[in-house]
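# Understanding the architecture of this molecule
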Amino acid sequence: MLTRSPVGVKTTIPPFPEAPKGLESIAYDAANEKGTGENLQLFTGADKQVRAAEPGQALPSGDYDVVGARGAVSCNGEKTYYFEVVARDGSGRRGVLPGCMLGPSSTPPSALLVAKWDAVPTFDAKRRVDPPEDPQALGFVDAGALGSDPSVVGVRVVDERTLEIEAEFPTPYILDTLSHATSYPVRRDIIEPFEAKGEPDMWTRPESIVTNGPYEIDAWKFRYEIRMRRNPHHRHHDKLKIHNIVWMCVESYVSSMNLYKSGELDYIGDNGSLPPPYKPVLRERKDYKAAPYLGTYWYEFNTKVKPLDDVRVRKALNLALDKAQLTEKVTRGGERAATHVVPPFMGGGYSEHVEALKAKDADLFATPEYSFNPELARELLGQAGYKVVLDPKDGYRAEGMPAIELLYNTSEGHRALAVAIQAMWKNHLGVAVQLRNEEWHVMLKNVRDRNFQVVRFGWIADYDHPQTFMDTFMAKSPNNRTGWSSTAFESLIHKARRTADTTESMKLYREAEKILADEVPKLPLYFYAKSTLVKPHVKGFFFNRRNEQLVHWMWIDEDWKVEKPNEPAFPPETFPAPGAF
Amino acid sequence: MLAFIVRRLLTIIPTLFLVATFVFVLVRLAPGGPFDTEREVPAEVKAALDAKFRLSDPISVQYKDWLVGAVTTGSLGPSMKYHNRTVEELIGMTLPVSMELGLWAMLVAVAIGAPLGVLGAVRQNTWKDSVAMAAAMLGISVPRFVLAPLLVLVFALKLYWLPVARWESWRHLVLPVICAALPMAAYIARLARAGMLEVIRSDFVRTARAKGLSERVIITRHALKGGMLPVVSFLGPGFAGLLVGSLVVEKIFDIPGMGRYLVESVLNKDYNLTAGIALVYGGLLMVSNAAVDVAYKFLDPRVELDR
Amino acid sequence: MTHLLEVKGLKTHFFTEEGVVRAVDGVSYHVSRGEVLGIVGESGSGKSVSSLSTMRLIPEPPGRIVAGEILFSSKGGPPKDLVRASEREMQSIRGDRIAMIFQDPMTSLNPYLRISRQLTEVLELHKNMKGSEARARGIEMLTSVGIPDPSRRFDDYPHQLSGGMRQRVMIAMALLCDPELLIADEPTTALDVTIQAQILELIAERRDLSKVGVVLITHDLGVVARLADRVAVMYAGRIVEQGPAQRIFEDPRHPYTVGLARSIPRLDDDRSRRLVPIQGMPPSLSKLPSGCPFRPRCKNALPACAESFPAERVVARGDETRADASRDPAIGVGDHVVFCHEEDKDKVQAS
Ligand SMILES: Nc1ncnc2c1ncn2[C@@H]1O[C@H](COP(=O)(O)OP(=O)(O)O)[C@@H](O)[C@H]1O
Ligand SMILES: [Mg+2]
């Protein structure tokens with residue numbers, strides 16, 4: 001069978017030679033110099049089509065149908081939210097629309113943008129129906145009501161440049177949610193003619209699409225490359241130091257690394273991670289960049305089947321795993337062992353809260369009760385009725401414990417992890433584990449049919465707030481496949497997300513997390529990290545925890561051998577006041 | 001002759017029809033669907049998708065519509081994974097690339113393999129023969145996914161003669177074509193050698209010798225045609241093998257060919273794309289086999305086409 | 001006088017993995033212009049190998065001419081030893097001075113080439129003829145070998161002709177350049193009886209017309225009887241008896257020849273005569289018994305037979321000019337010689 005990397009065998013990996021003396025980067029060879037000047041060649045994984053980490057440049061991928069501006073910028077720790085708008089009527093007017101215009105704005109340029117779901121021209125207060133008490137995910141729009149009665153949606157166009165979003169309750173992370181691709185504004189006047197023609201997806205083609213980021217599409221060779229050039233309407237277009245971008249869609253990592261090494265790529269994009277077998281070698285290099293990434297890799301239990309319906313069994317399985325070993329020996333990409341669900345570097349006040357707890361040595365999830373603890377695990381399993389006995393020959397054996405089946409989608413990385421975990425459960429608990437791997441779609445079907453015991457999943461944050469993780473544990477969440485639910489947990493979450501005070505709110509989130517750690521519907525394994533290679537002549541490259549690297553900050557340093565600070569191409573502006581342009 | 005070619009091509013149609021039917025039904029029977037994602041899709045969305053791709057209709061109705069569309073307008077339906085692409089568009093983008101790669105590879109394979117095999121046969125049991133056949137053995141036993149990185153390592157990453165990957169200029173063609181061609185060339189060399197040996201030992205070559213013809217004339221005029229017949233009959237399935245082999249080559253050299261959809265469309269449950277790909281591959285295979293039949297007629301006057 | 005072809009002490013061996021196959025192991029014979037020498041013997045006795053040796057067409061390796069001379073006197077010139085001729089010289093002789101017809105007309109013509117091409121290439125090569133001239137000569141030749149409608153047949157492929165027609169084409173091809181020597185290796189074996197007669201007739205006609213010397217190889221005594229002036233009997237790579245055809249048929253001296261004659265039906269047979277096959281199997285040429293190779297099958301074997309291959313013994317001298325055979329070891333034109341330890345041949349025949 002084909003795995004993701006067709007050349008995943010060790011012998012075929014081209015060695016990364018040692019850096020020649022006097023050069024900063026192995027991959028940079030003066031004889032083979034490319035990528036200098038105004039062109040930056042970038043790489044992006046092909047399976048996601050393209051994910052340009054650029055406001056307004058996201059193209060429809062298999063996952064999303066919406067295109068438009070976006071506004072979460074984390075550069076130098078500074079955060080701004082805005083939508084960018086460009087008049088395509090030739091007037092050259094351009095402007096900035098704050099992501100969530102809760103206040104009035106000055107006179108707008110006409111008919112520039114607007115979200116696809118502004119099907120609600122006016123907001124009829126009289127017809128307003130209070131949303132049900134249990135909105136699923138975002139807390140401010142009831143997605144289900146969209147189709148049936150648009151007037152109940154708490155979103156309205158106040159005027160042509162102002163979008164009003166009415167929240168049911170103070171939602172601290174509402175700005176963050178707007179940086180998600182699903183809230184990008186798109187041009188109705190572009191889309192609707194296509195819809196009328198019965199080709200509702202065709203507006204995304206380069207000749208039709210209108211985007212409002214600093215770069216616009218020049219050419220799109222499907223699943224091969226996307227070429228971009230500066231958007232002349234962008235307010236910073238004359239400040240951009242990179243004039244053209246080539247996003248290569250490279251199928252295999254071996255190819256992309258070779259392209260990088262031979263100088264055809266300046267940067268191995270932001271999509272995915274470098275393959276684990278390379279990491280120990282690459283980690284030592286100066287052009288290797290890695291950063292934590294807002295995601296958690298976990299195993300989900302089917303809590304409706306024996307013996308996993310017993311919380312003591314689930315907890316025992318959790319405590320019997322030496323997760324630090326997994327990240328150091330198996331994944332090897334700077335991931336961090338997870339004893340709870342929300343990555344400690346999560347925004348929305350969470351990371352500060354965790355830091356404060358750590359400083360006081362009060363991080364509950366660092367205690368032996370939640371960390372790797374095989375003795376406690378064996379004790380718990382014994383309490384559940386599966387006494388763990390030590391056989392001098394075979395090691396531990398959990399008496400009466402049936403074998404557990406671990407399901408994962410076919411992939412080398414998932415398999416390696418599953419094998420390691422299988423060994424740990426056997427060694428520390430004497431629990432037999434059968435591995436079952438299935439191709440992705442088959443696995444999804446089986447999981448939906450609850451035809452599994454333990455299954456490999458994970459969650460990548462949709463926005464920079466703990467809520468995005470907590471949602472997946474709500475009883476009604478489509479992402480909760482465990483069969484587990486808890487009213488205590490849900491009422492804590494309801495309370496937490498209505499709490500305007502950050503510290504208070506985070507405290508509640510941590511309390512909710514404790515319920516998850518005690519009941520273990522999902523077994524967190526590690527917090528993600530992302531890694532990539534960036535040529536040393538690429539300056540203005542900034543990592544962030546959402547793995548969004550903005551090209552408009554980047555520039556090519558022709559004189560890169562002289563060490564200098566990594567600065568953006570032009571000074572980041574602070575968020576302009578509404579209408580101030 | 002022309003009548004034969006036309007008739008031969010017409011026989012493809014029912015076979016192709018069977019292949020299409022088979023694939024069309026089979027992909028739909030396999031577990032999982034094109035729109036399975038990790039989160040449960042709301043019922044309305046699912047209904048809308050099913051309506052758009054007509055998945056709620058009975059298979060027979062879907063099949064009828066698909067077939068009518070394919071025959072009347074040449075439309076193979078929208079891809080279910082790449083929502084804004086039609087199957088014929090995806091194939092139209094990638095097939096020429098794969099064909100270019102495949103045809104070049106076949107050309108190179110024949111150009112390398114046939115002379116090597118002839119050399120081996122003519123110089124049978126000499127060191128030249130041994131070297132040629134050892135090379136052929138090596139070529140057959142080294143899989144492309146080993147060969148390709150080696151080629152890249154030497155010619156692209158060490159010598160900087162050729163690009164490591166991608167599909168831009170003729171220079172980008174060299175390594176993938178060689179990589180695709182070598183195993184086939186090796187096989188052809190063995191076939192050519194065996195074929196030539198048989199012919200060289202045959203009575204009519206002895207007759208040619210008895211006429212006083214020179215070795216060169218004997219080989220080129222008398223032995224080559226018959227000796228190459230095994231090679232020619234291999235080219236049909238060989239071309240199919242190349243197309244399947246291009247899956248690996250295209251992936252390693254990052255060539256935007258059709259190979260990627262061969263397995264991927266099945267994994268993605270992209271029903272329409274799978275059926276379209278099967279149709280194209282099946283058609284190519286059958287056409288190349290028909291081409292072999294025609295070539296046979298040209299080479300061997302004893303072959304009766306009108307049977 | 002010099003013979004057209006004189007083979008002296010020819011030994012052609014094959015060096016195979018199983019051992020040395022002594023396919024031809026000391027054979028001497030000669031042919032003159034306008035003469036037909038018949039070489040008979042069971043299949044596997046080395047007839048073809050000896051004729052291919054003459055053409056220097058032994059596949060090498062594994063075969064090699066290890067000893068002997070093949071003296072060919074072209075156009076009455078001095079004899080030339082073909083064993084030592086270069087490949088280039090051989091190419092100019094083959095198909096031009098010495099031509100060969102093979103046993104199986106079905107496989108001996110190239111199925112992928114038109115007959116026209118196969119004929120004209122010989123003329124192009126040896127006679128420097130081109131285009132229409134070569135065509136005309138080719139068609140003329142087809143006419144003379146009795147192919148009906150030759151100008152239409154000329155551009156046919158071999159498979160469009162019957163076996164007899166193909167052998168006629170082979171003969172035409174062999175005679176295109178007016179060769180001095182024609183080696184016909186079982187030219188009729190693959191054909192049915194009526195066609196056989198026609199083909200033999202054709203060869204006889206050519207002998208008479210153009211005085212071509214013919215080596216006619218066959219395992220069929222009947223064929224030899226029709227055509228041959230002289231006969232050599234081969235057994236296990238050796239000639240065991242040789243002499244004028246009439247003498248060999250009327251007075252065979254070697255037990256093998258006798259057995260061969262008895263095992264074959266003859267047209268002039270009276271019905272009562274029973275066919276007697278020779279007992280036993282021919283020996284393996286790589287494991288020949290000591291002495292006379294026929295010894296294991298010979299009813300009259302003597303102790304001497306196990307010791308050495310018998311020397312030639314002249315039964316009847318045909319050529320009076322060669323009074324003293326001992327001075328000229330080669331066999332005279334009309335000599336009847338036998339290689340057998342058994343002195344009293346008449347007893348053998350009588351028994
Ligand atoms: N190429 C060869 N390699 C080994 N042995 C051969 C070869 N050609 C002929 N022989 C051997 O030489 C012997 C004589 O063969 P041949 O002259 O063809 O017999 P025939 O009298 O039937 O024409 C046979 O026993 C055969 O095995
Ligand atoms: Mg023979």
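Higher on the page you've got the structure.
Let me begin by describing the structure that accompanies this report. (Residues numbered from 1 in each chain as written. Chains lettered and ligands numbered in written order. Predicted model: local features only at pLDDT ≥ 70, side-chain atom pairs only at ≥ 80, totals over all residues. Heavy atoms only, no water.)

### As for the overall build of chain B
Broken down by element type, chain B carries 11 helices and zero strands. Put simply, chain B runs from its N terminus to its C terminus through helices and strands in the order α-α-α-α-α-α-α-α-α-α-α. With respect to the principal axes defined by its C-alpha atoms, chain B has extents near 85 × 55 × 30 Å. Within chain B, the fraction of its 307 residues that count as buried is 51%. A separation of at least 24 residues holds for 73% of the contacts in chain B among residues at least 6 apart in sequence. Total accessible area computed for chain B in this model is approximately 13,500 Å², and 71% of it derives from carbon and sulfur atoms. One way to put it: in chain B the 31 positive side-chain charges average out to a point 11 Å from where the 23 negative ones average out. (Helix = DSSP H or I, 4+ residues; strand = E, 2+ residues; numbered from the N terminus. Buried < 20%, exposed > 50% of the residue type's maximum accessible area, 1.4 Å probe, protein only. Contact = heavy atoms within 4.5 Å. Areas by Shrake-Rupley, 256 points an atom, 1.4 Å probe, with all protein chains shown as cover. Lys, Arg positive; Asp, Glu negative; His and termini not counted. Charge placed at Lys NZ, Arg CZ, Asp CG, Glu CD.)

### What about the sheet that holds strand β1 (residues 5–16) of chain C?
All names here are of chain C. In spatial order, the strands read β2-β1-β4-β5; together these four strands make up an open sheet with antiparallel pairing. This sheet does not close on itself; its edge strands, each paired only once, are β2 (19–31) and β5 (80–81). Examined bridge by bridge, strand β4 (residues 63–72) and β5 share two bridges and lie antiparallel to one another. For phenylalanine 72, the partnering residue across the bridge sits in β5 and is lysine 80. The strands touched by helix α1 (residues 47–55) within the sheet are β1, β2 and β4, with β1 carrying the most contacts at an inclination of about 110°. (Pairing = 2+ DSSP bridges. Axes fitted to C-alpha atoms, helices over the stretch in contact; angles between N-to-C directions.)

### Description of the nonpolar core
Generally speaking, a soluble globular protein has its nonpolar side chains buried in company with each other. Counting residues in hydrophobic clusters, the biggest one holds 117 residues, and the most contacted among them are Met257, Leu274 and Leu533 of chain A together with Trp66, Met184, Met196 and Phe253 of chain B. Among the elements that make up this core, the one with the highest residue count is helix α9 (residues 215–252) of chain B (15 residues). (Core = buried A, V, L, I, M, F, W, Y, C linked by side-chain atoms within 4.5 Å.)

### Brief notes about the interface of chain B and chain C
With 21 residues of chain B at the contact, the number on the chain C side is 27 residues. Interface area, chain B with chain C, both sides summed: about 2,100 Å², of which 60% is carbon and sulfur. Counting the contacts that link chain B with chain C gives two salt bridges. Note that glutamate 121 of chain C and arginine 221 of chain B form a salt bridge whose closest N and O atoms lie 2.4 Å from each other. Seen at the junction of chain B and chain C, the total is 12 residue pairs in polar contact (both at pLDDT 80 or more). Looking at the side of chain B that touches chain C, the elements with two or more residues in it are α8 (203–210) and α9 of chain B. Along the lines of polarity and charge, the residues of the side of chain B that touches chain C split into six nonpolar, five polar and 10 charged. (Buried area = accessible area lost by both parts, 1.4 Å probe. Salt bridge = Lys/Arg side-chain N within 4 Å of Asp/Glu carboxyl O. Polar contact = N/O pair within 3.5 Å; in protein donor to acceptor, adjacent residues only side chain to side chain. Nonpolar A, V, L, I, M, F, W, Y, C, P; charged D, E, K, R; others polar.)

### Side note on the environment of alanine 316 of chain C
All names here are of chain C. As for its placement among the helices and strands, alanine 316 is situated in strand β11 (residues 312–316). A relative accessible area of 18% places alanine 316 in the buried class. Between the alpha carbons of alanine 316 and histidine 336 there is a distance of 5.0 Å; along the sequence they are 20 residues apart. Leave out the neighbours within four places in its chain, and alanine 316 touches Arg247, Gly334, Asp335 and His336.

### A short note on helix α3 (residues 59–73) of chain B
Since the α-helix turns once every 3.6 residues, residues separated by three or four places project in the same direction. Residue and element names in this part refer to chain B. Helix length check: α3 (15 residues) gives 20 Å between terminal C-alpha atoms against 21 Å at 1.5 Å per residue, within 8%. Contact partners of the buried residues in α3: α1 (2–29) and α11 (271–299). Positive phi appears at glycine 74, one or two residues downstream of α3, with a value of about 70°. (Expected span 1.5 Å × (residues − 1).)

### So, the sheet that holds strand β18 (residues 522–533) of chain A
Residue and element names in this part refer to chain A. Taken together, six strands build an open sheet; the order of strands is β12-β18-β11-β17-β15-β16 and the sheet is mixed. Each edge of the open sheet is held by one strand with a lone partner, namely β12 (336–337) and β16 (433–438). Two elements, β12 and β18, share two bridges in a ladder whose sense is antiparallel. The partner of alanine 337 across the bridge, within β18, is tyrosine 526. Sitting on the sheet, helix α7 (residues 323–331) is in contact with β12 and β18, with an inclination near 35° to β18. On top of the sheet, helix α10 (residues 412–429) reaches β11 (288–301), β15 (404–409), β16, β17 (454–460) and β18; it is set at about 55° to β11, its chief contact.

### Some remarks on helix α5 (residues 127–141) of chain B
All names here are of chain B. Taking 1.5 Å as the rise per residue, α5 with 15 residues should run 21 Å; its terminal C-alpha atoms sit 21 Å apart, in good agreement. Within the span of α5, buried status applies to Asp129, Ala132, Met133, Ala136 and Gly139. Taken end-on, α5 shows its buried residues confined to a sector of 115°, consistent with a single buried face. Counted as exposed and oriented over 90 degrees from the buried face of α5: Trp127 and Leu138. Along its buried surface, α5 packs onto α4 (87–122) and α7 (170–200). (Arc of directions from axis to C-beta.)

### Overview of the packing of aromatic side chains
All names here are of chain B. For the coordinates displayed, the defined rule picks out 26 aromatic pairs over all chains. For the ring pair phenylalanine 17 and tyrosine 63, a centre distance of 6.4 Å and an interplane angle of 55° mean the geometry is tilted. Residue phenylalanine 17 is found in helix α1, and its partner tyrosine 63 is found in helix α3; the two are separated by 46 residues along the sequence. Overall, tyrosine 63 belongs to the buried group, its relative accessible area being 13%. (Phe/Tyr/Trp six-rings, centres within 6.5 Å; stacked < 30°, edge-to-face > 60°.)

### Regarding the pairing of β15 of chain A
Residue and element names in this part refer to chain A. Among the six residues of β15, five are classified as buried, and the element is accordingly described as predominantly covered. Pairing of β15 with β16 involves six bridges; the strand directions are parallel. Within β16, the residue paired with glutamate 405 across the bridge is glutamine 434. Strand direction decides the pairing type here: β15 and β17, joined by two bridges, are parallel. Opposite leucine 406, over in β17, you have valine 454 as the bridge partner.

### Some points on the packing of helix α6 (residues 311–319) of chain A against helix α14 (residues 502–519) of chain A
All names here are of chain A. Between α6 and α14, the shortest axis-to-axis distance is 7 Å and the interhelical angle comes to 95°. By the angle class used here, α6 and α14 are roughly perpendicular. Together, Val311, Arg314 and Lys315 of α6 and Ala517, Asp518 and Glu519 of α14 make up the contact between the two elements. Looking at side-chain class alone, the contact of α6 with α14 contains two nonpolar, no polar and four charged residues. (Parallel < 35°, antiparallel > 145°, perpendicular 65-115°, else oblique.)

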